[in-house]
Amino acid sequence: MGADNTKKAKEQQYDSYWKLTVEYSDIHGTLFNNVLDLIVKFIDKHRLASVDCTAELNKKLQGIINKINPKADMGSVRKSINQFIKLGFVNPGYKGYHLLTKKYLACKGEKERELIFTRIFYECGSLNSSYTNDCTDHKEVNFLLKTLAYNGQLTKNDLMGLMVTDVAKYKRGYLLPEELESQYQYALSINFDENKYNQIEYLIGFLKYMPELSYENSILKFEDNKSVVAGTDVVSVKRDPILMRIYRKLLFEESMSVYDSLICYACHLPWKGLVASHIKPLATCIKQQKMQEAYDKNNGLLLSPNIDAYFDKFDITFDDDGSIILGKNIPQEIKDVIKGYKIDKDVLNDERKKYLQYHRSFFDAKNV
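All chains use their own residue numbering, which begins from 1 and follows the written sequence. Selection of residues for local features in this predicted model requires a pLDDT of at least 70, selection of side-chain atom pairs for listing and counting requires 80 or more, and totals for whole chains, interfaces and linings are taken over all residues. Heavy atoms from the whole structure form the basis of all side-chain values; hydrogens and water molecules are not counted.

A. Region of the structure containing the overall build of the chain. Working definition: helices are DSSP H or I runs of at least four residues, strands are E runs of at least two. Numbering for both runs from the N terminus. The secondary structure content of the chain amounts to 17 helices and eight strands. In terms of principal-axis extent, the alpha carbons of the chain reach across some 90 × 50 × 35 Å. Exposure categories follow from relative accessible area, calculated using a 1.4 Å probe and restricted to protein chains: below 20% of the type maximum is buried, above 50% is exposed, and the middle band is partly exposed. By residue count, 50% of the 368 residues in the chain fall in the buried class. In the chain, the proportion of contacts linking residues at least 24 apart, taken out of those at least 6 apart, comes to 67%. Per-residue and other accessible areas follow the Shrake-Rupley method at a 1.4 Å probe size, with only the shown protein chains counted as cover for residues. Just so you have it, the chain exposes about 18000 Å², and 49% of that area is on carbon and sulfur atoms. Charge centroids of the chain, computed over 52 positive and 49 negative side chains, lie 4 Å from each other. Contacts between residues were defined by any pair of non-hydrogen atoms, one from each residue, lying within 4.5 Å. Think of it this way: Lys and Arg go in the positive column, Asp and Glu in the negative one, and His and the chain ends go nowhere. Where a charge lies is defined by one atom per residue type, namely NZ (Lys), CZ (Arg), CG (Asp) and CD (Glu).

Pasting the structure below:
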């Protein structure tokens, strides 16, 4: 009887740990992307975002996935599907998928794919969710990275402590240093490091795709890129420090891809302290609860600090061919210097033009 109680207690202890079971760990791998693509197409074909998935349909999807990567048992197939629910790409019950999932699948470059992956993983990673289990209100990856932002760094011991933490019990959204130590001691008491070693390694492997994040000598920390102004990266309900990092990194990668260097999109000079400037203001996006717009790369321009100062106040804007438009409050000496500035068509895509149209409406109101 005593042995049975011990076993039951041990099982209960593991009920709350972060269950990151992984079938495919390489986000650039063919199987990772092919399986995800098939799941998305299946959801669309059967309109599962708006109707319930039946047991028959679920079994049918498992059969489709098993054909491209046959397994000895269907348990492994189910694990491969549930992986994409845990990572945040697909909703439990196949009730649709993340707004960026198709953009991820369409990526041609590895850097952009990694950045979109990290945004999905951060926003919606729910490690205890599965097809049958909806725990999407417990965003463990979000919790972990906010804990990192607050504490400055996390050791492997801290990660173990986090992985046995019920995030629902911490309403502030992150752990304090003394809480990390307490949770680590709890992890040791249930031999978590011995029994769930692979889970920890998988989590670290996925976290490494996060921009400016390093894991060396068992320490996870951010490595700030001083080339682009970050603002104050503090944990805030108004400004998400992790999404801001991803947003800036996407602009960084775009500039490197188009120009082979970090430059101001208006004057094409490699100024230090370039600003990842929002076209539609970040505060407006957050107030309207349009979080996709708030951290959309196309809602941003890399600008020199002086140009950003005028752009941010709607004293300058840009038209649809990229030419700068000057407001009435700019001194003539400045106008003479910047009047020829223009955003290249290589970065002036249709999505940016829509944001610039919004920006011009405020510029016009200010400069009547």
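There's plenty left to go through after this.
B. Broad picture of the sheet that holds strand β1 (residues 153–155). Spatial strand order, β1-β3-β2: three strands in an open sheet with antiparallel pairing. The open sheet has two edge strands with one neighbour each: β1 and β2 (213–216). Ignoring strand direction, the axes of neighbouring strands in this sheet form an average angle of 20 degrees. At least two DSSP bridges between two strands are needed for those strands to be called paired. Bridge analysis of β2 against strand β3 (residues 219–222) gives four bridges, and the strand direction is antiparallel. Residue pairing in the sheet places Leu-213 in a bridge with Phe-222 of β3. Axis lines are fitted to C-alpha atoms, over the contacting stretch for helices. Their N-to-C directions set the angle, which ranges from 0 to 180 degrees.

C. Expanded view of the packing of aromatic side chains. Here is the rule: rings of Phe, Tyr and Trp (six-membered ring for Trp) pair when centre to centre is within 6.5 Å. Planes less than 30 degrees apart are stacked, more than 60 are edge-to-face, and the remainder are tilted. Within this structure, the stated rule accounts for 18 aromatic pairs. For the pair Phe-84 and Phe-89, a centre-to-centre distance of 6.2 Å together with 70 degrees between the ring planes defines the contact as edge-to-face. Take Phe-89: its relative accessible area is 0%, and that puts it in the buried class. Throughout this description, the term charge over a ring refers to an Arg CZ or Lys NZ atom that lies within 6 Å of the ring centre and within 35 degrees of the ring normal. When the ring centre of Tyr-174 is taken as reference, the NZ or CZ atom of Arg-172 above it lies at 5.8 Å.

D. Representation of the pattern of salt bridges. Salt bridges are defined as contacts in which a side-chain nitrogen from Lys or Arg sits within 4 Å of a carboxyl oxygen from Asp or Glu. One pass over the structure, following the stated rule, counts 14 salt bridges. Across the pair Arg-360 and Asp-320 runs a salt bridge, and its minimum N-O distance is 3.2 Å. Taken as a pair, Arg-360 in helix α17 (residues 350–366) and Asp-320 in the loop between β7 (316–318) and β8 (324–326) lie far apart in primary sequence, 40 residues in all. For Arg-360, a relative accessible area of 15% translates into the label buried. Take Asp-320: its relative accessible area is 42%, and that puts it in the partly exposed class. A network of salt bridges, in which partner residues are shared, links Glu-23, Lys-71 and Lys-79.

E. A look at empty space enclosed by the protein. Lining residues are defined by having an atom within 4 Å of a point belonging to a cavity or pocket. Those points lie on a 1 Å grid over the protein atoms alone, cavities being sets where a 1.4 Å probe fits but cannot get out and pockets being open sets with protein on both sides within 12 Å along at least five of seven lines. Grid points are joined across faces, edges and corners, and a volume is the space filled by probe spheres set on the points. Per the stated rule, a full pass over the model turns up two cavities of 30 Å³ or more. In this model, the second largest cavity occupies a volume close to 30 Å³. As for the second largest cavity, its lining consists of His-278, Ile-279, Pro-281, Phe-311, Asp-312, Phe-314 and His-359. For this classification, Asp, Glu, Lys and Arg are treated as charged, while Ala, Val, Leu, Ile, Met, Phe, Trp, Tyr, Cys and Pro are nonpolar and the rest, including Gly, are polar. The class makeup of the residues in the lining of the second largest cavity is four nonpolar, two polar and one charged.

F. Inspection of the confidence of the model for the chain at higher detail. For the chain, the mean per-residue pLDDT works out to 88, and 91% of the residues sit at or above 70. Across residues 1–14 the pLDDT falls below 50, and counting only partners more than four positions away or on other chains, this stretch makes 10 contacts in the model. As a per-residue measure, pLDDT reflects the predictor's confidence and takes values from 0 up to 100. Contacts for the low-pLDDT stretch residues 225–237, under 50 throughout, to residues beyond four places or in other chains number 30 contacts.

G. View of helix α15 (residues 305–312). Every buried residue of α15 is accounted for by Ile-307, Asp-308 and Phe-311. Projected down its long axis, α15 shows its buried positions confined to an angular sector of 100 degrees, all on one face. Residues of α15 that are buried sit in contact with β5 (274–278), β6 (300–303), β7, α16 (332–338) and α17. Think of it as the arc spanned by the lines of direction from the helix axis to the C-beta atoms.

H. Expanded view of the pairing of β5. Here β5 lies mainly inside the structure; five of its five residues are buried. Relative to β6, β5 is paired through four bridges, and the arrangement is antiparallel. Looking across to β6, one finds that Ala-276 is bridged to Leu-302.

I. Examining the packing of helix α6 (residues 110–124) against helix α12 (residues 241–259) more closely. Running from amino to carboxyl end, α6 crosses α12 at an angle of 170 degrees, the nearest separation of the two axes being 10 Å. Of the possible angle classes, the one that applies to α6 and α12 is roughly antiparallel. Along the contact surface, α6 presents Lys-111, Glu-112, Leu-115, Thr-118, Arg-119, Tyr-122 and Glu-123, while α12 presents Ile-242, Leu-243, Ile-246, Lys-249, Leu-250 and Glu-253. Partitioned by chemical class, the residues of the contact of α6 with α12 number six nonpolar, one polar and six charged. Each angle receives one of four descriptions, namely roughly parallel if under 35 degrees, roughly antiparallel if over 145, roughly perpendicular if within 65 to 115, and oblique otherwise.

J. Geometry of the side chain of Glu-123. With respect to the helices and strands, the residue Glu-123 is situated in helix α6. Judged by relative accessible area, Glu-123 falls into the buried class, the value being 14%. One polar contact links Glu-123 to His-98, side chain to side chain, over a distance of 2.8 Å. We call two N or O atoms a polar contact when they sit within 3.5 Å, provided that within protein one can donate a hydrogen and the other can accept it, with sequence-adjacent residues counted only if both atoms are side-chain atoms.

K. A look at α17. Under the 1.5 Å per step criterion, the end-to-end length of α17 is 25 Å for 17 residues, consistent within 8% with the ideal 24 Å. Where α17 is buried, its residues contact α12, α14 (291–294), β6, α15, β7 and β8. Put simply, Asn-349 is the residue that caps the front of α17, since its side-chain oxygen is 3.2 Å from the backbone nitrogen of Glu-351. To estimate the expected span of a helix, count its residues, drop one, and scale the result by 1.5 Å.

L. Representation of the packing of helix α2 (residues 30–45) against helix α4 (residues 74–86) within the structure. Two numbers describe how α2 lies on α4: the axes approach to 10 Å, and their chain directions differ by 80 degrees. In terms of their interaxial angle, α2 and α4 are classed as roughly perpendicular. Of the residues in α4, those touching α2 at Phe-32, Val-35, Leu-36 and Ile-39 are Ser-80, Ile-81, Gln-83 and Phe-84. Looking at the contact of α2 with α4 residue by residue, the classes come out as six nonpolar, two polar and no charged.

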